[in-house]
Structure formats: structure tokens, C-alpha cells
Amino acid sequence: MKKILVSLLAALLLLCTGCSQPKEQTLQIFAMDTVMDFYAVGENAEETLNAAAQEINRLEALLSRTRTGSEVSAINGGGSVTVSHETASLLRSALQYAQTTSGAFDVTIAPLVDAWGIHSDMPRVLSANEIRTLLPLVGSDHVQLDGDTVTLDAGCRIDLGGIAKGYASDCVAELYRQNGVTGGWASLGGNVYAHGTKADGSFWNVSIRDPKNTAGSAAMVQLSNQFAVTSGGYQRYFTAEDGTVYQHIIDPATGVPAQSDLLSVTIIGQNGTMADAYSTALYVMGLESAQKFWHAHEEEFDMVLVTEDTVYYTAGLAEHITTEEGGPYRVQVIT
């Protein structure tokens, strides 16, 4: 009888051990013109990731300017358009980031994006005359917001592509928190959210891609409950007939693809929407102005800047960043 009881107890312990193992779930989708990957640990992991996919599809239908019936396409159609409070709020944030960055981030860049065609299958180099014609259509003063009613000046269009994935990552993070996910991450193209910790309590490792060797890593940062958003010219570009390389981030001040001395910018902080906007803006600014901007806003975010030969990082990341010893980049802390 004792042997039977011992065997039963052992079996029960094994069953209990199996029941206590946290549930893991992964998911991959294609949305907002990029592959998105998700990982979650918790009792509601599967439900959370399914909800995340549905949320991103909802946001794409709302915010895509190329999708017929979206609120952004309605805004670009002209006249005064009353949109959802959510869209109006995001547009209001975008206009605020444009002001904060002195126009280095600007959602009214759409006419120039379309004309250059870098996101299309037929990119082309604009003439100086074309740029002079289109530049007056760019600027946040062309957007009027009255509550949830949006009015664009004639000929102007907005593109929330530089901020939409950041906002989507904020929404995913909220789902992770609400549904009791204990650990996980979401990778929305160049936008990463790290939630909670691994099972052993350690932070998640987020790789910052090497712009000169995209199969490698320029640095690794350890994050928990933070966003890391990277922008860089290496992500999408085209080569003109004369051999000139034009990358996809257009400088709103000049109307041409940014001629930045930065290869990539990674913004790390508590707000994915902000990180998305700032990563684009600081890339346009270049190394010196990006550092000055951080000094004026250092309580809001940390950052990693990659140039041709150096990885720069802000002091707040000192205990959470690693780089390859003897690698192709020098490493310098921004203090």
C-alpha cells in the first residue's frame, strides 16, 4: 500500500509540475508593409497574441493612407473630415512631435514621398524644379485640427507611416499588460517592445542591426517594459543611374532623401509612439544635432547612434548594452 501511495504522489507531483509551466505562444503576421513577430508567456498568451493581431489589422485599416476607406485616406481626399477620436489624437501627437523636432519629423511629407516613389517599384530622382513645387505643401501649419475634425490645405496630404507602427506597439504593450502576460516581446518591423522578463528574471536581449552588415549586430541592449525603435537609410533605398544611392527617409526641410552622417538611430523609452517619431527625426538631424536634442530631452529616452565607424550610446544604457569586442565599431558613451 505504501508503494502505491508513493507512486500516486509522484504522479500527482508530475502533473502539478506540468500544470505550473507557463504557457508560451508565438505568432507571425504581415501588416503595415512589414513582417511582425510576437512572443508571449502567460495563461492568456494565445488569446493575447490573437488580440494583438486583430488590433494591428484594425489600426492598419484606420491609419493606412493607401487603403480605401481608411480615415487617413479620407483626410487626404480633401475638405473637412471628422474622424475617430483615436485618429485625431494620434495626429495631434504627430503635430506636437513635428513642433518639438523643429520639423525634422513631419507627417505632411506625403507629396514628396509619393513623388520620389522610394516605397514603390518605380523610384525616381526628382528635379530641382519638382522639389521647389512640392516643398510648399510640406509643414504642420497645413493641418487644422478642431476637436476630431481635420482639414488639410489644398494639395496637401499626410502620411502616418512614420508613427503608426510605434502607436501600434503601444497598443500591443497595453494588451500584454491587461492580459497578464508575464514576459514576451513584439517586433513590428524596426519597432520592438520588450515586456516583463525571461523566466529566470533576466531582461530581454534586443539586437541593434549592423547597418553595414544586416546579418550582424552593432550592439545588444537588455530591456524590460521598454520600446526600442530603429530608423536608418539602410532599411530601404534605391540606386540612381549615375550610381547615387537615395535612401527612404526624406528631409522635410530640403525635399530630398536625408544626407545624414548617421547610419541608424535607435530610440529606447517608455513610449513607442514617441520613439518612432524621434528615431526618424534624429536620423534626419544627424549626429551633432541628435546629441543636442537628447541633451534637451534626456529624461524622456535613451538612444544608440551608429555612424560609419562608431557606436554612440547614452549613459543610461551603460549597464544594459554590449558590443562586439574587437568589432568594426569604436564605442563611445554620450554623457
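Residues numbered from 1 in each chain as written. Predicted model: local features only at pLDDT ≥ 70, side-chain atom pairs only at ≥ 80, totals over all residues. Heavy atoms only, no water.

### Regarding the overall build of the chain
Within the chain one finds 9 helices and 17 strands. In terms of principal-axis extent, the alpha carbons of the chain reach across some 95 × 50 × 40 Å. By the burial criterion, 49% of the 335 residues in the chain qualify as buried. Residue pairs at least 24 apart in sequence account for 58% of intrachain contacts in the chain once pairs closer than 6 positions are excluded. Split by element, the accessible area of the chain, about 16,100 Å² in all, is 52% carbon and sulfur. Side-chain charges in the chain split into 18 positive and 38 negative, and the spacing between the mean points of these groups amounts to 6 Å. (Helix = DSSP H or I, 4+ residues; strand = E, 2+ residues; numbered from the N terminus. Buried < 20%, exposed > 50% of the residue type's maximum accessible area, 1.4 Å probe, protein only. Contact = heavy atoms within 4.5 Å. Areas by Shrake-Rupley, 256 points an atom, 1.4 Å probe, with all protein chains shown as cover. Lys, Arg positive; Asp, Glu negative; His and termini not counted. Charge placed at Lys NZ, Arg CZ, Asp CG, Glu CD.)

### A word on the nonpolar core
Judged by nonpolar contacts, the single largest core of 69 residues is most densely connected at Phe38, Ile56 and Leu282. Ranked by residue count, the leading element in this core is helix α7 (residues 161-178), at 9 residues. For Leu282, the residues in contact, after removing those within four places along its chain, are Leu262, Val265, Ile267, Ala290, Phe293, Phe301 and Met303. Formed by 20 residues, the second largest nonpolar core is a distinct cluster that contains Val41, Val206, Ile208 and Val304. (Core = buried A, V, L, I, M, F, W, Y, C linked by side-chain atoms within 4.5 Å.)

### Details of the packing of α7 against helix α8 (residues 272-285)
For the pair α7 and α8, the least separation of the axes is 7 Å and the interaxial angle reads 155°. When the interaxial angle is binned, α7 and α8 end up roughly antiparallel. As α7 packs across α8, the resulting crossing turns out to be right-handed. The segment α7 lies against α8, with Gly162, Ile163, Ala164, Lys165, Gly166, Tyr167, Ser169 and Asp170 engaging Gly272, Thr273, Asp276, Ala277 and Thr280. For the contact of α7 with α8, a count of residues per class yields 4 nonpolar, 6 polar and 3 charged. (Axes fitted to C-alpha atoms, helices over the stretch in contact; angles between N-to-C directions. Parallel < 35°, antiparallel > 145°, perpendicular 65-115°, else oblique. Left-handed = near helix turned anticlockwise from the far one by under 90°. Nonpolar A, V, L, I, M, F, W, Y, C, P; charged D, E, K, R; others polar.)

### Focus: the sheet that holds strand β10 (residues 226-231)
Pairing is mixed in the open sheet, where 9 strands are placed in the order β1-β2-β6-β7-β10-β13-β14-β15-β17. Of all strands in the sheet, those with a lone pairing partner are β1 (24-31) and β17 (330-334), marking the two edges. The mean inter-strand angle of the sheet, taken between neighbouring strand axes irrespective of direction, is 15°. Pairing analysis gives 6 bridges linking strand β13 (residues 264-269) to strand β14 (residues 301-306), with the strands arranged antiparallel. (Pairing = 2+ DSSP bridges.)

### A word on the packing of aromatic side chains
In this structure the tally under the stated criterion is 8 aromatic pairs. Between Tyr39 and Trp204 the ring centres are 5.9 Å apart and the planes differ by 75°, which places this aromatic pair in the edge-to-face class. Residue Tyr39 is found in strand β2 (residues 34-41), and its partner Trp204 is found in strand β8 (residues 204-210); the two are separated by 165 residues along the sequence. The pair Tyr39 / Trp204 is uniform in exposure class, with both members buried. (Phe/Tyr/Trp six-rings, centres within 6.5 Å; stacked < 30°, edge-to-face > 60°.)

### A word on unusual backbone geometry
For Asp33, which is not glycine, the phi dihedral falls at a positive 65°. With respect to the helices and strands, the residue Asp33 is situated in the loop between β1 and β2. With a phi angle near 55°, Asn225 is a residue other than glycine that sits in the positive phi range. Checked against the element boundaries, Asn225 lands in the loop between β9 (213-223) and β10.

### Some words on the side chain of Thr108
Take Thr108: it is sitting in the loop between α4 (85-100) and α5 (110-116). On the basis of relative accessibility, which here comes to 0%, the residue Thr108 falls in the buried class. For Thr108, the side chain forms a polar contact with the main-chain nitrogen of Gly139, separated by 2.7 Å. (Polar contact = N/O pair within 3.5 Å; in protein donor to acceptor, adjacent residues only side chain to side chain.)

### Here we look at the packing of helix α2 (residues 45-63) against α4
In helix packing, the relevant descriptors are the interaxial angle and the interaxial distance, both defined with respect to the helix axes. At a minimum axis distance of 11 Å, the contact between α2 and α4 shows a crossing angle of 75°. Here α2 is positioned roughly perpendicular relative to α4, judged by the angle of their axes. Seen from α2, the contacting residues are Arg58, Leu59, Leu62 and Leu63; seen from α4, they are Glu86, Thr87 and Leu90. Its residues placed into classes, the contact of α2 with α4 shows 4 nonpolar, 1 polar and 2 charged.

### As for the environment of Trp185
Here Trp185 is to be found in strand β6 (residues 183-188). Residue Trp185 is classed as partly exposed on the basis of its relative accessible area, which comes to 29%. Along the sequence, Trp185 and Asn225 sit 40 residues apart, while their C-alpha atoms lie 9.1 Å from each other. With near-sequence residues (within four places) excluded, Trp185 lies in contact with Asp37, Phe38, Tyr39, Tyr176, Tyr193, Ala194 and Trp204.

### A closer look at the sheet that holds β8
With antiparallel pairing, 3 strands are arranged side by side in an open sheet as β8-β9-β16. Each edge of the open sheet carries a strand with a single partner, namely β8 and β16 (321-322). Relative to β16, β9 is paired through 2 bridges, and the arrangement is antiparallel. Residue pairing in the sheet places Met220 in a bridge with Thr322 of β16.

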